[in-house]
Amino acid sequence: MIFILNNKFKKILIAILILSVFMVSFHGVSAAGTTETTNITTLIKNVPKITTLKWKTGGDVKKNYAIKKSIPKSKLVNKVVKDAKYGTPIVRFGNGSGKKVFIVAGVHGNEIASQIAALKLIQTLEKKKYVKGTIYIIPFTAPWVTAHNSRFYKGKNLNSVANEKNTVTNKIINLAKNYKVVAVGDFHCTQPGGVPGRNIILGTKIPNLSSANMAKGIAKIVNMPYKNEKYAAVSYPGALEDNLSVRGIPAVTCEVKIPHGTINKKATALSLRQMNGFLKYNKLL
Ligand SMILES: [Zn+2]
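The structure contained in this document is the topic of the report that follows. Since this is a predicted model, take the numbers as computed values, not measurements. (Residues numbered from 1 in each chain as written. Predicted model: local features only at pLDDT ≥ 70, side-chain atom pairs only at ≥ 80, totals over all residues. Heavy atoms only, no water.)

### Side note on helix α6 (residues 168–179)
An ideal rise of 1.5 Å per residue puts 16 Å on 12 residues; α6 measures up with 16 Å between its terminal C-alpha atoms. Taken together, the buried positions of α6 are Val168, Thr169, Asn170, Ile172, Ile173, Leu175 and Ala176. In this structure, the buried residues of α6 make contact with β2 (49–53), β3 (88–93), β4 (99–105), β6 (133–138), β7 (183–190) and α8 (240–246). (Helix = DSSP H or I, 4+ residues; strand = E, 2+ residues; numbered from the N terminus. Expected span 1.5 Å × (residues − 1). Buried < 20%, exposed > 50% of the residue type's maximum accessible area, 1.4 Å probe, protein only. Contact = heavy atoms within 4.5 Å.)

Okay, structure coming up:
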């Protein structure tokens, strides 16, 4: 009896031993598998949605001839242009889940190429069934200003008042916070001979080094120069990009060279390249 029990005991021990070896190796496989899957981006369903922010910014952007002649043909773009009469339209791609980023154009209404580039990006993203995360796009920050081919909203340069409560650019920062975006790209045009007066990606190092790293990373992707100021909101206290970085959302300003109030294919293509570079850097493309 004792012999039989011992034998049984041995068998149980061997079974436990085999099982534990199997468990350890199985765990190893699954751990390796987990490591692999973390590198695979989960695709999410693309459900484009337009929201019109009633910020008393609405205007008929088609009144601006440079805009009108360049509006890309697309159902969604058409709707964005119509909705812009009533406020600032924001288009969401994805479904609100996953990694979230934000693209802004038209902070200066007379910088046409970036606004048309944003519409072209909307036209491209509209066709995608799945995306790698959620992308928000404001193609016209203040459509009224764009309609009048102007630089000023109620006498104010919107890129110098983002630090003031209730301004349009300050509301954009609050929106980015609410949406929990992890990066913002602000797309502009710069006059030849102006500041910076060349195609360039701009960021800042302090207090958000991710802004500087992003400027450097996008510059490499799009093959353009970059420049990082040491401190955000010091040289430009009211700039949208600077104030986003100060409030914990790394941001960059991307500039293409073209006279204000005008458009050409080259500058539009360069601005679109910067937008795609921003999305690639943030692994959304
Ligand atoms: Zn500008």
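### Notes on the packing of aromatic side chains
In this description, a pair of aromatic rings is defined by centroid distance and the angle of the planes. In the structure shown here, the tally under the stated rule is three aromatic pairs. Here the aromatic rings of Phe102 and Tyr136 are separated by 6.2 Å at their centres, their planes lie at 55 degrees, and the arrangement is tilted. Taken as a pair, Phe102 in strand β4 and Tyr136 in strand β6 lie far apart in primary sequence, 34 residues in all. Assigned by exposure class, Phe102 and Tyr136 land together as buried. When the centroid spacing of 4.1 Å and the interplanar angle of 10 degrees are considered together, the rings of Tyr136 and Tyr179 count as stacked. (Phe/Tyr/Trp six-rings, centres within 6.5 Å; stacked < 30°, edge-to-face > 60°.)

### Looking at the coordination of the zinc ion
Around the zinc ion, the protein contributes the donor atoms His108 (ND1), Glu111 (OE), Glu111 (OE) and His188 (ND1), which lie 2.0 to 2.3 Å from the metal centre. Coordination geometry of the zinc ion: the four donor atoms subtend angles of 58 to 148 degrees at the metal centre, consistent with an arrangement described as irregular. Mapped onto the sequence, the donors of the zinc ion take the spacing H-x2-E-x76-H. With respect to burial, His108 and Glu111 carry one shared label: buried. (Donors = N, O, S within 2.8 Å, 3.2 Å for Na, K, Ca; no water. Tetrahedral: all angles 85-135°; square planar, octahedral: opposite > 155°, others 65-115°.)

### Examining a positive patch on the surface
Together, Lys62, Lys63, Lys68, Lys82 and Lys85 make up a positively charged patch on the protein surface. Assignment of secondary structure puts Lys82 in helix α3 (residues 75–83). What makes Lys82 exposed here is its relative accessible area of 54%. (Patch = residues over 30% accessible without salt bridge, like charges linked within 9 Å, V, L, I, M, F, W, Y side chains within 5 Å. Areas by Shrake-Rupley, 256 points an atom, 1.4 Å probe, with all protein chains shown as cover. Salt bridge = Lys/Arg side-chain N within 4 Å of Asp/Glu carboxyl O. Lys, Arg positive; Asp, Glu negative; His and termini not counted. Charge placed at Lys NZ, Arg CZ, Asp CG, Glu CD.)

### Here we look at the side chain of Thr169
Following the sequence through the fold, Thr169 ends up in helix α6. Looking at Thr169, the relative accessible area reads 0%, which means it is buried. Each residue touching Thr169, except ones within four places of it in the same chain, is listed here: Val107, Leu158, Val161, Ala162 and Leu240.

### Brief notes about helix α4 (residues 112–126)
For α4, with 15 residues, the first-to-last C-alpha span of 21 Å sits near the 21 Å given by 1.5 Å per residue. What α4 keeps buried is the set Ile112, Ala113, Ser114, Gln115, Ile116, Ala117, Ala118, Leu119, Leu121, Ile122, Gln123 and Leu125.

### A closer look at the nonpolar core
The nonpolar side chains of soluble globular proteins are, as a tendency, buried together. Within the largest apolar cluster, 49 residues are counted, with the highest numbers of intra-cluster contacts made by Ile137, Ile201 and Phe278. Sorting elements by how many residues they give to this core places α4 first, with nine residues. With sequence-adjacent residues up to four places away left out, Phe278 is seen in contact with Val101, Phe102, Ile103, Ala183, Val184, Gly185, Phe187, Met214, Ile218 and Val252. (Core = buried A, V, L, I, M, F, W, Y, C linked by side-chain atoms within 4.5 Å.)

### Here we look at the environment of His188
Here His188 is to be found in strand β7. For the pair His188 and Gly109, spaced 79 residues apart in the sequence, the C-alpha separation amounts to 9.6 Å. What His188 contacts, discounting residues up to four positions off in sequence, is Val107, His108, Glu111, Ser114, Asn159, Thr253, Cys254, Glu255 and Val256.

### Topic: the pairing of β4
Among the seven residues of β4, six are classified as buried, and the element is accordingly described as predominantly covered. Inspection of the sheet shows β4 paired to β6 by six bridges, in the parallel sense. Looking across to β6, one finds that Lys99 is bridged to Gly133. Bridging between β4 and β7 involves five bridges; their strand directions are parallel. Bridge pairing in β7 links Ile103 to Gly185. (Pairing = 2+ DSSP bridges.)

### Section: the pattern of salt bridges
All chains considered together, the criterion is met by three salt bridges. Glu164 serves as the salt-bridge partner of Lys156, at 3.8 Å between the closest nitrogen and oxygen.

### Points about the packing of α4 against helix α9 (residues 265–281)
Close contact between α4 and α9 brings their axes to 8 Å; oriented N to C, the two are set at 55 degrees. The angle between α4 and α9 falls in the class oblique. Taken as a pair, α4 and α9 cross one another with a handedness that is right-handed. Between α4 and α9, the contacting residues are Ala113, Ser114, Ile116, Ala117, Ala118, Lys120 and Leu121 on the first element and Ala267, Thr268, Ser271, Leu272, Met275, Asn276 and Leu279 on the second. (Axes fitted to C-alpha atoms, helices over the stretch in contact; angles between N-to-C directions. Parallel < 35°, antiparallel > 145°, perpendicular 65-115°, else oblique. Left-handed = near helix turned anticlockwise from the far one by under 90°.)

### Here's the deal with the environment of Lys156
Examined against the element boundaries, Lys156 turns out to sit in the loop between α5 (143–147) and α6. Residue class for Lys156 comes out partly exposed when judged on its relative accessible area of 40%. Beyond its immediate chain neighbours, meaning those up to four positions away, Lys156 contacts Arg151, Val161 and Glu164.

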